[in-house]
Amino acid sequence: MIYGIVFGANSYEHEISIISAVVLKKVLKTQKKFIFCDKNKDFFLIDEEKMNAKTFSSGAYKKEKALVLKQGGFYIKNLLGEKKLEIDVVINVVHGKDGEDGKIAALFDFYGIKYIGPRLEASVLSYNKILTKLYAKSVGVKILDYKILNLHKELNEKLDFPCILKPARLGSSIGISIVKNEKELKYAKDVAFEFDEDIVVEDFISNIKEYNLAGCMINDKMEFSIIEEPKKNEILDFEQKYLGFSDSTKVLQADINENLKQKLKDNFCKIYNPLFKGALIRCDFFVVDDEVYLNEINPNPGSLANYLFEDFTWIIDNLAKNIELEKQVKIDYTFIHSINGQKGKL
């Protein structure tokens with residue numbers, strides 16, 4: 001199995017995507033090729049030995065082989081034309097806009113490319129925190145109460161403090177603020193509105209229990225990671241998230257009872273099946289008074305949450321074997337031919 005690791009693109013999380021790809025270089029023990037999408041949406045084939053931060057920060061990637069995306073896969077440009085890049089399955093590790101919002105998924109479906117990652121509908125629902133909450137409620141998963149602020153509308157109701165403000169369409173804890181009083185609210189809104197025109201507001205619950213669980217469906221059976229209780233300050237911030245996973249070390253299983261473990265897995269299954277088939281996702285849950293609430297869905301978790309799995313390569317290989325191309329519609333022009341045979345031809 002040869003994997004094409006697609007990463008980068010035009011997103012606030014562009015650099016996080018690069019880190020994910022570099023980590024996969026270390027932890028995915030199989031043949032792989034690295035496909036970088038730069039901020040201009042151009043694709044480049046990056047030699048594995050050059051998969052390091054300097055290649056991208058210096059712009060040296062532009063000297064690598066250019067790729068074009070077309071029917072059936074990626075193609076290498078050369079003087080004689082184009083040669084198809086030999087890969088079996090693409091892995092989408094583009095974080096944020098372009099990767100998690102459905103654009104890449106739509107391209108892969110459109111061009112008939114097998115890929116590991118959320119499909120279009122799953123991407124749309126998990127990328128927007130407001131839609132995620134509506135989806136969770138529809139499948140019977142609890143969520144915390146919330147309000148929505150919009151850049152172009154006046155707030156008609158009073159907020160309770162302390163509260164937490166989150167840009168609706170952004171991950172990696174970017175733009176998030178804890179607001180303790182009215183005085184802090186204006187600055188927090190300004191920060192969040194820099195990234196998004198919609199903000200999700202939730203009550204801030206101090207010392208809330210948080211648990212992360214990743215998984216995917218293989219041969220109609222859910223395969224789960226261990227359950228992690230992330231170490232955090234008031235919130236799990238950018239540095240804690242990404243300085244943690246970037247070293248690709250394993251984490252310890254959360255010290256919780258079997259009843260809570262099963263509750264978390266049951267809620268994960270409600271979220272995952274069938275919408276996220278074909279993807280490896282991570283769900284972040286809150287637990288309040290022994291009740292499980294969805295915090296957010298990570299459709300392309302950092303480095304695919306490899307650090308939560310005992311045998312990450314086995315998971316990816318077996319997930320890849322279950323990937324199927326989108327069913328093609330048969331086009332035979334029967335209707336047009338039937339019209340053509342009548343009077344008043346087209």
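The coordinates are above.
This report concerns the structure included in the present document. Predicted model only: the values in this text are computed from it and were never measured. (Residues numbered from 1 in each chain as written. Predicted model: local features only at pLDDT ≥ 70, side-chain atom pairs only at ≥ 80, totals over all residues. Heavy atoms only, no water.)

1. Brief notes about the nonpolar core
Inference 1: Grouped together as the largest cluster of nonpolar side chains are 63 residues, with contacts concentrated most on Phe 7 and Ile 271.
Inference 2: Filtering out sequence-adjacent residues up to four positions away, Phe 7 remains in contact with Ser 17, Ile 18, Ala 21, Phe 34, Ile 35, Phe 36, Cys 37, Ile 46, Met 51, Phe 56, Val 93 and Val 94.
Inference 3: Counting residues in each nonpolar core, the second largest holds 20 residues, with Cys 37, Leu 67, Val 94 and Phe 108 among its members. (Core = buried A, V, L, I, M, F, W, Y, C linked by side-chain atoms within 4.5 Å. Buried < 20%, exposed > 50% of the residue type's maximum accessible area, 1.4 Å probe, protein only. Contact = heavy atoms within 4.5 Å.)

2. Topic: helix α6 (residues 182–193)
In an α-helix, one turn spans 3.6 residues, which is why side chains three or four residues apart end up on the same side.
Inference 1: Counted at 1.5 Å a residue, the expected span for α6 with its twelve residues is 16 Å, and the 17 Å between its end C-alpha atoms agrees.
Inference 2: Elements that come into contact with the buried residues of α6 comprise β10 (146–150), β11 (163–167), β12 (177–179) and β13 (198–203).
Inference 3: The N-cap of α6, judged by a side-chain oxygen 3.1 Å from the amide nitrogen of Lys 183 a few residues on, is Asn 181. (Helix = DSSP H or I, 4+ residues; strand = E, 2+ residues; numbered from the N terminus. Expected span 1.5 Å × (residues − 1). Polar contact = N/O pair within 3.5 Å; in protein donor to acceptor, adjacent residues only side chain to side chain.)

3. Points about the packing of aromatic side chains
Inference 1: Tallied over the entire structure, the rule returns 15 aromatic pairs.
Inference 2: Seen from their ring centres, Phe 7 and Phe 56 are 5.5 Å apart, and the 85° between their planes marks the pair as edge-to-face. Taken as a pair, Phe 7 in strand β1 (residues 2–8) and Phe 56 in helix α2 (residues 53–57) lie far apart in primary sequence, 49 residues in all. Across this residue pair, the class does not change: Phe 7 and Phe 56 are buried.
Inference 3: Relative to Phe 74, the ring of Phe 43 lies with its centre 5.2 Å away and its plane at 70°, an arrangement referred to as edge-to-face. Of this pair, Phe 43 sits in strand β3 (residues 43–46) while Phe 74 is found in strand β5 (residues 73–78), placing the two residues 31 residues apart along the sequence. As far as burial versus exposure is concerned, Phe 43 and Phe 74 are alike and both buried.
Inference 4: Just above the ring of Tyr 75 sits the side chain of Lys 70; from NZ or CZ to the centre is 5.2 Å. (Phe/Tyr/Trp six-rings, centres within 6.5 Å; stacked < 30°, edge-to-face > 60°. Lys NZ or Arg CZ within 6 Å of the ring centre and 35° of its normal.)

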